[in-house]
Amino acid sequence: MPKLKTNRGAAKRFRRTSTGFKHRRTNRNHILTKKPQKRKRQLRGFESVSAADAPAVRRMLPKKAR
């Protein structure tokens, strides 16, 4: 059985946790002046990957957590 390659795009976007994966929230890159302070504050930090998307992320990141 050959080694599985890591999807490098996914490796930059997702991090493995003890229970699954986490990713950065969207809508926090540019055009921030028109967004309310409350919305920008709530977009901080990381969010867990949904259960429906977890198998796809697991396939893209076959190796152990970094």
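Bear in mind the structure is a predicted one, so any value in this text is a computation, not a measurement.

Draft legend 1. A look at the overall build of the protein chain. The secondary structure content of the protein chain amounts to three helices and three strands. Reading the helices (α) and strands (β) of the protein chain from amino to carboxyl end gives α-β-β-α-β-α. In terms of overall dimensions, the protein chain is more spread out than a globule: its C-alpha atoms have a radius of gyration of 15 Å, far above the 11 Å expected for 66 residues. For the protein chain, with 66 residues in total, the buried portion stands at 20%. By sequence separation, contacts in the protein chain at least 24 residues apart represent 59% of the contacts at least 6 residues apart. Summed over all atoms, the accessible surface of the protein chain reaches about 5,900 Å², with 51% contributed by carbon and sulfur.

Draft legend 2. The packing of aromatic side chains, seen in detail. Taken as a whole and assessed by the stated rule, the structure comprises zero aromatic pairs. Directly above the aromatic system of Phe-46 lies the positively charged group of Lys-22, at a separation of 4.9 Å from the ring centroid.

Draft legend 3. Quick peek at a positive patch on the surface. Taken together, the side chains of Lys-3, Arg-8, Lys-12, Arg-13 and Lys-63 present a region of like positive charge at the surface. Within the element layout of this structure, Lys-12 appears in helix H1 (residues 8-13).

Draft legend 4. Representation of the sheet that holds strand S1 (residues 14-16) in the model. Taken in spatial order, the three strands line up as S1-S2-S3 in an open sheet, and their pairing is antiparallel. Only two strands of the sheet have a single neighbouring strand rather than two, namely S1 and strand S3 (46-48). Each neighbouring strand pair of the sheet contributes to a mean axis angle of 35°, computed without reference to strand direction. Of the pairings in the sheet, the one linking strand S2 (residues 21-24) to S3 comprises three bridges and is antiparallel in character. Bridge pairing in S3 links Lys-22 to Ser-48.

Draft legend 5. Layout of the pairing of S2. Burial along S2 is one-sided: Phe-21 and His-23 are buried, while Lys-22 and Arg-24, pointing the other way, are not. Note: S1 against S2, three bridges, orientation antiparallel. What sits directly across from Phe-14, in S2, is His-23. Hairpin connection from S1 to S2: four residues lie between these consecutive antiparallel strands.

About the cut-offs
Residues numbered from 1 in each chain as written. Predicted model: local features only at pLDDT ≥ 70, side-chain atom pairs only at ≥ 80, totals over all residues. Heavy atoms only, no water. Helix = DSSP H or I, 4+ residues; strand = E, 2+ residues; numbered from the N terminus. Rg over C-alpha atoms; globule rule 2.2 N^0.38 Å. Buried < 20%, exposed > 50% of the residue type's maximum accessible area, 1.4 Å probe, protein only. Contact = heavy atoms within 4.5 Å. Areas by Shrake-Rupley, 256 points an atom, 1.4 Å probe, with all protein chains shown as cover. Phe/Tyr/Trp six-rings, centres within 6.5 Å; stacked < 30°, edge-to-face > 60°. Lys NZ or Arg CZ within 6 Å of the ring centre and 35° of its normal. Patch = residues over 30% accessible without salt bridge, like charges linked within 9 Å, V, L, I, M, F, W, Y side chains within 5 Å. Salt bridge = Lys/Arg side-chain N within 4 Å of Asp/Glu carboxyl O. Lys, Arg positive; Asp, Glu negative; His and termini not counted. Charge placed at Lys NZ, Arg CZ, Asp CG, Glu CD. Pairing = 2+ DSSP bridges. Axes fitted to C-alpha atoms, helices over the stretch in contact; angles between N-to-C directions.

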